[in-house]
Amino acid sequence: MTETSADHNDGDDATDEDGTLYERLGGRDAIASVVEDFYDRMLDDERVADFFEDVDMARQRAHQTQFLSSVTGGPVEYSGADMREAHEGMGITDEDYDIVGGHLDASLADAGVADTDREAVIAEVEALRDPIVGR
Ligand code: HEM
């Protein structure tokens, strides 16, 4: 049997018989638009907006798009800081993390991402909770 990229399965959660999670999300443009919506929600939410007060949001959106593309199995190299360094010293709590994760979940749902794929993205970022909150 020949294996194509569409049926490749390396056992990674981000990959199954329907291709990579990146492909199922719709690739680069679809992920960039989820990220746009995600940071719009963050900046509209007074519980977390202040964290981004001095942040270059164009760069932030670009790095987040790269980051989510790469953790979902896309052919994209993430060029930002690692998750522990990027969030160090900000005093991010589990509650903050839950708010942010909730916005990402809502942005994925609004973009029409299938429930199983949405849950897979959330699981990929949930795995980064400890370094993000500094544990
Ligand atoms: C939900 C999981 C999260 C992911 C996947 C994530 C991802 C990222 C990425 C990729 C960057 C860019 C780093 C760089 O440009 O080098 C970043 C930066 C940042 N993140 Fe997060 N993040 C998450 C949660 C949070 C939370 C909970 C907060 C605060 C409530 C937060 C606040 C920030 C801030 C303020 C920056 C900008 C740092 C700077 O440029 O100085 N992030 N994050």
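Residue numbering note: each chain is counted from 1, following its sequence as written. Side-chain atom pairs in this predicted model are given and counted only at pLDDT of 80 or more, local residue features only at pLDDT of at least 70, and totals for whole chains, interfaces and linings cover all residues.

### Here's the deal with the site of the ligand
With respect to spatial proximity, 21 residues lie near the ligand, and among them Phe-67, Gly-80, Ala-81, Ala-86 and Val-100 are the closest. For the shell around the ligand, the secondary structure elements donating two or more residues are helix H3 (57–71), helix H4 (83–87) and helix H5 (94–110). By the criteria applied, helices consist of DSSP H or I runs no shorter than four residues and strands consist of E runs no shorter than two, each listed in order from the N terminus. For the shell around the ligand, the leading source of residues is H5, giving five residues. Side-chain classes follow a simple rule in which Ala, Val, Leu, Ile, Met, Phe, Trp, Tyr, Cys and Pro form the nonpolar group, Asp, Glu, Lys and Arg form the charged group, and the remainder, Gly included, forms the polar group. Among the residues making up the shell around the ligand, the classes are represented as 14 nonpolar, six polar and one charged. Should the C-beta atom of a residue, placed from the backbone, lie within 6 Å of a molecule or strand, that residue is near it.

### Considerations on the nonpolar core
The biggest cluster of nonpolar side chains holds 16 residues, and the ones touching the most others in it are Leu-21, Leu-25, Ile-31, Val-34, Val-35, Phe-38 and Leu-108. Looking at which element gives the most residues to this core, the answer is helix H2 (residues 27–43), with five residues. In this description, any two residues whose backbone-derived C-beta atoms lie within 7 Å of each other are considered to be in contact. Residue contacts for Phe-38: discarding those within four places in its chain leaves His-103, Leu-104 and Ser-107. Among buried residues, those of type Ala, Val, Leu, Ile, Met, Phe, Trp, Tyr and Cys that are joined through C-beta atoms within 7 Å form a set called a nonpolar core. A residue is called partly exposed when the number of other C-beta atoms within 10 Å of its own lies between 12 and 20, exposed at 12 or fewer, and buried at 20 or more, with C-beta atoms placed from the backbone.

### Details of H5
In a helix, the anticipated span is given by 1.5 Å times the number of residues less one. For H5, built from 17 residues, the straight-helix expectation of 24 Å at 1.5 Å per residue is met to within 8% by its first-to-last C-alpha distance of 24 Å. All of the buried residues in H5 are Val-100, Leu-104, Ser-107 and Leu-108. For H5, the angular spread of the buried residues around the axis is 100°, confining them to a single face. For H5, the exposed residues set more than 90 degrees away from the buried face come down to Asp-94, Glu-95, Asp-98 and Asp-110. What the arc covers is the set of directions going from the helix axis to the C-beta atoms.

### Details of the confidence of the model for the protein
As a per-residue measure, pLDDT tells how confident the predictor is, with possible values from 0 to 100. On average, the protein scores 91 in pLDDT, and the residues at 70 or more come to 87%. Taken element by element, the predicted model of the protein shows its lowest mean pLDDT in strand S1 (residues 15–16) (56) and its highest in H5 (98). Under a pLDDT of 50 for its full length, residues 1–9 has, in the predicted model, eight contacts with residues more than four places off or in other chains.

### Re H3
It helps to recall that an α-helix has 3.6 residues per turn; residues three or four apart then point in one direction. With 15 residues, H3 should cover 21 Å at 1.5 Å per step; its first-to-last C-alpha distance of 21 Å lies within 8% of that length. Buried residues along H3 sit against helix H1 (21–25) and H2. Two residues or fewer after H3 comes Gly-73, characterised by a positive phi angle close to 95°.

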